[in-house]
Amino acid sequence: MSKGFLRAAFAAFALSGCAMPGLRYEPPVGTAPEPARPAYSVQRITPQLLAGMRSAAVDTPLVSAPLEQALSNYTYRVGPHDVLNIIVWNHPELTLSQAQSAVLGGLTGSLLVTPPMSGGSGFEVDSRGNIFFPYAGTLHVAGKSVDEIRLMLQQGLQDYSKNPQVNVTVVTFRSETYQLAGAVMRPGLYSLTNVPLTVSQAIVSAGGEIRSVPTSGAGTITDLTSLPLADLSHVTLISGSRREVLDLRRFYEFGDQTQDRLVHPGDIIQVPNNTDDYVHVVGEVLRQGNYPIAAGRLNLAQALGSAGGVNLVTSDPARIFVFRGAYDAPQVYWLDARSADAMLLATQFQLEPQDVV
């Protein structure tokens, strides 16, 4: 028996923790036991698997009852610095001209000289949430809808006019805002209006997502064939203490309303870029490396092609694997690419960010 065999046998017993007569291996004090490996299964990439993935992607309910209800129940609430247009029908003396508004504004400090959008004068809600209206006095309107303000004015004008007919509209929206940041054309602070707004609509209203990077020598974003920047699959919505990640690509491609939300005052919408969205191709390929997911799409065949293909000398095309997910819940997919038609399956298998091929 050779000394090399004895050394190998001793090492095997020591590493396995087995005991020999007169010899016992003890792990170092304070060494944590090795965590249990998570259970996982290997799914073979077949036409049936791909059909199931496509079905799961398309058959998601397209209509969101909670979103539809939120849109139908939406009511704009007036707040400080909003500007109201107030008209009392058959009482032109209460529909102030700009000159009258300037005089009264100097006296009361409550009226704002604003070129009206509908022909009347603008009444700015002050920082305390109040407006002053002739004969009705000072009214606290913050947090109220235009219908509620209209009723307040009708009640306040009862002594001046029998059954006054009042119309109230918001002509300048300033109090309720949301923030839109990240890979959109015009990020910034935006005002909510009396028209309900969803996250997808907010992105469109800001010029849409950034779809390309500037070309060399160009000062504007013009090259639509360059690497897209917006990652619509991971749009973050922060609403109060709640944080959600929305896959708006599903909304834009399939009309999946379950991925859209109503925007509320104070919401923050973050559209990330996809410059960190890569798949990692390792093993017996010609060019190992990290490859970007362009336009939110990269299939297995494209990734292998970007890596120069498999090494025809050292690789085993029967064992191409895709590892996905977190360590505690991994997903493993297996492609047997020994036949040429198997690569057609690879063209239909979509990769996700941080996949390892």
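Remember, it's a predicted structure, so these values are computed and weren't measured experimentally. Within every chain, residues take consecutive numbers counted from 1 along the sequence as written. Owing to the predicted nature of the model, reporting of local features is limited to residues with pLDDT of at least 70; listing and counting of side-chain atom pairs is limited to 80 or more, with chain, interface and lining totals taken over all residues. Based on all heavy atoms of the structure, the side-chain values leave hydrogens and waters out of the count.

Asks: Break down unusual backbone geometry for me, with residues and values.
Replies: For His-81, which is not glycine, the phi torsion reads 75 degrees and is therefore positive. Each helix corresponds to a stretch of at least 4 residues labelled H or I by DSSP, and each strand to a stretch of at least 2 residues labelled E; elements are numbered beginning at the N terminus. With respect to the helices and strands, His-81 occurs in the loop between helix 3 (65-72) and strand 2 (83-88). Partly exposed describes any residue whose relative accessible area lies between the buried limit of under 20% and the exposed limit of over 50%, with all areas from a 1.4 Å probe on protein chains only and scaled to the type maximum. A relative accessible area of 38% places His-81 in the partly exposed class. Here the phi dihedral of Gln-354 falls at roughly 75 degrees; this positive angle occurs in a residue that is not glycine. Along the chain, the position of Gln-354 falls in the segment after helix 9 (342-348). Overall, Gln-354 belongs to the partly exposed group, its relative accessible area being 45%.

Asks: Run through the nonpolar core, naming residues and quoting values.
Replies: In this structure, Ile-86, Phe-133, Leu-153, Val-199, Ile-269 and Val-271 are the most contacted members of the largest nonpolar core, which totals 44 residues. Those elements that place two or more of their residues in this core are strand 2, strand 4 (130-133), helix 5 (146-156), strand 6 (166-172), strand 7 (177-182), helix 6 (199-205), strand 9 (235-239) and strand 11 (268-271). Discounting chain neighbours no more than four positions away, the residues touching Val-199 are Val-235, Leu-237, Leu-246, Leu-248, Asp-260, Arg-261, Val-263 and Ile-269. Among the buried residues, those of types Ala, Val, Leu, Ile, Met, Phe, Trp, Tyr and Cys that are joined through side-chain atoms within 4.5 Å form a nonpolar core. One finds Val-279, Ile-293, Leu-298 and Phe-349 within the second-largest nonpolar core, a separate group that totals 25 residues. Residue contacts follow a heavy-atom distance rule, with two residues in contact if any of their heavy atoms lie within 4.5 Å.

Asks: Residues and numbers for the pattern of salt bridges, please.
Replies: Note on pairing: side chains with opposite charge can pair once their charged atoms come close. Salt bridge, as used here, is a side-chain nitrogen of Lys or Arg placed within 4 Å of a carboxyl oxygen of Asp or Glu. The full count for this structure, using the stated rule, is twelve salt bridges. For the salt bridge of Asp-336 with Arg-44, the shortest nitrogen-to-oxygen distance reads 3.5 Å. With Asp-336 in the loop between strand 15 (331-335) and helix 9 and Arg-44 in strand 1 (residues 42-44), the pair connects residues that are 292 residues apart, well separated along the chain. For Asp-336, a relative accessible area of 12% translates into the label buried.

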